[in-house]
Amino acid sequence: MTRHIVQYSGGIGSWAAAMRVVEQHGPRSVDLLIADSRAEDPDLWRFVEETSRYLGIEPVVVADGRDPWQVFRDERFLGNSRLAPCSIQLKVNPCRRWIEANADPDDTILYVGFDHTEQRRIPGTRNGWAPWQVEFPMCQEPFLTKQEMLQWSRDIGITPPRLYAWAEHNNCYGLCVRAGLGHWAKVLQHSPLLYAEAERKEQEIREELGKDVAILRERRGGISRPLTLAEHRRRLQGTLAASVPSPAPGVAA
């Protein structure tokens, strides 16, 4: 019997992929494999619990044991949108170790929850997971948008992860170093305390490394340079303050 292993991130895409795999093959031959990065929103685990119960499959949870900030310290490298060692160390490697120990490439298919807008990522993912066969159920018709997947979850009575109320992805509590300026502006708006914690940890690593490094970058005058979370916050707050209209003459502030 062929074994079907879904890389189950707690995101809506991997859940939708798991639904299609179980609909086609049944739950008995399906594993839900999830890596605990020690940095996830607690509501992600609520979603994993409810959806895995709905599917009738006990998830397999693997973990490196560190969180992203510990990885950055150990690697002496601050993750950013171009290179994020946390993803490799905390997600890919633990999953790969489990798969190598528990699954035979000759009778195993892996599944990843990329949707049809992410098909450019397929060749690299397949190469990276060789010799295992990798399939992408959400890249097959009928194509679904993220909003349609979220509604699918609601339709079966499961509330989608709360981060989707404002974020594109449900990973790392919304503090993904791969995200850009716009996403971090949303973090500051919706989770200012988490933003402040990330800002503090970024500064600690900058001091430890003694380098001008940052999660974010900006390009001005054709030159790319690091942009710290602290500076990004100050600019955003300055823009917000500047946008607040002054009281009209004779009106108390």
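Everything here concerns the structure above.
Residues numbered from 1 in each chain as written. Predicted model: local features only at pLDDT ≥ 70, side-chain atom pairs only at ≥ 80, totals over all residues. Heavy atoms only, no water.

Caption draft 1: Main features of the pattern of salt bridges. Tallying each qualifying case throughout the model produces 24 salt bridges. The closest approach of N and O atoms between Arg46 and Glu50, which form a salt bridge, is 3.3 Å. Highlighted residues: Arg46 and Glu50, both in helix α2 (residues 42-55), separated by four residues, approximately one helical turn. By sharing partners, the salt bridges in this structure join Arg73, Glu197, Arg200, Lys201, Glu204 and Glu208 into a single network. (Salt bridge = Lys/Arg side-chain N within 4 Å of Asp/Glu carboxyl O. Helix = DSSP H or I, 4+ residues; strand = E, 2+ residues; numbered from the N terminus.)

Caption draft 2: Geometry of the sheet that holds strand β1 (residues 3-7). Pairing is parallel across the open sheet formed by five strands, whose spatial order is β3-β2-β1-β4-β5. Edge positions in the sheet fall to β3 (60-62) and β5 (133-135), since each of these pairs with one other strand and no more. For this sheet, the mean angle separating the axes of adjacent strands, direction not counted, is 30°. As defined by bridge partners, strand β2 (residues 30-35) adjoins β3 across three bridges and the pair is classed as parallel. Bridged to Ala35 within β3 is Val62. Its contacts with the sheet put helix α5 (residues 122-129) on β1, β4 (108-111) and β5, and the angle it makes with β5 is roughly 150°. (Pairing = 2+ DSSP bridges. Axes fitted to C-alpha atoms, helices over the stretch in contact; angles between N-to-C directions. Contact = heavy atoms within 4.5 Å.)

Caption draft 3: The pairing of β2, seen in detail. Most of β2 sits inside the fold, with six of its six residues counted as buried. Covered by surrounding structure in β2 are Val30, Leu32 and Ile34 together with Asp31, Leu33 and Ala35, the residues of both alternating faces. With four bridges connecting them, β1 and β2 associate as parallel partners. Residue pairing across strands places Val6 opposite Leu32, the latter belonging to β2. Handedness of the crossover is the feature at issue here: the chain leaves β1, passes through helix α1 (residues 12-25), returns alongside β2, and the resulting connection is right-handed. Note on the crossover from β2 through α2 to β3: the handedness is right-handed. (Buried < 20%, exposed > 50% of the residue type's maximum accessible area, 1.4 Å probe, protein only. Right-handed = clockwise from strand over helix to strand, strands pointing away.)

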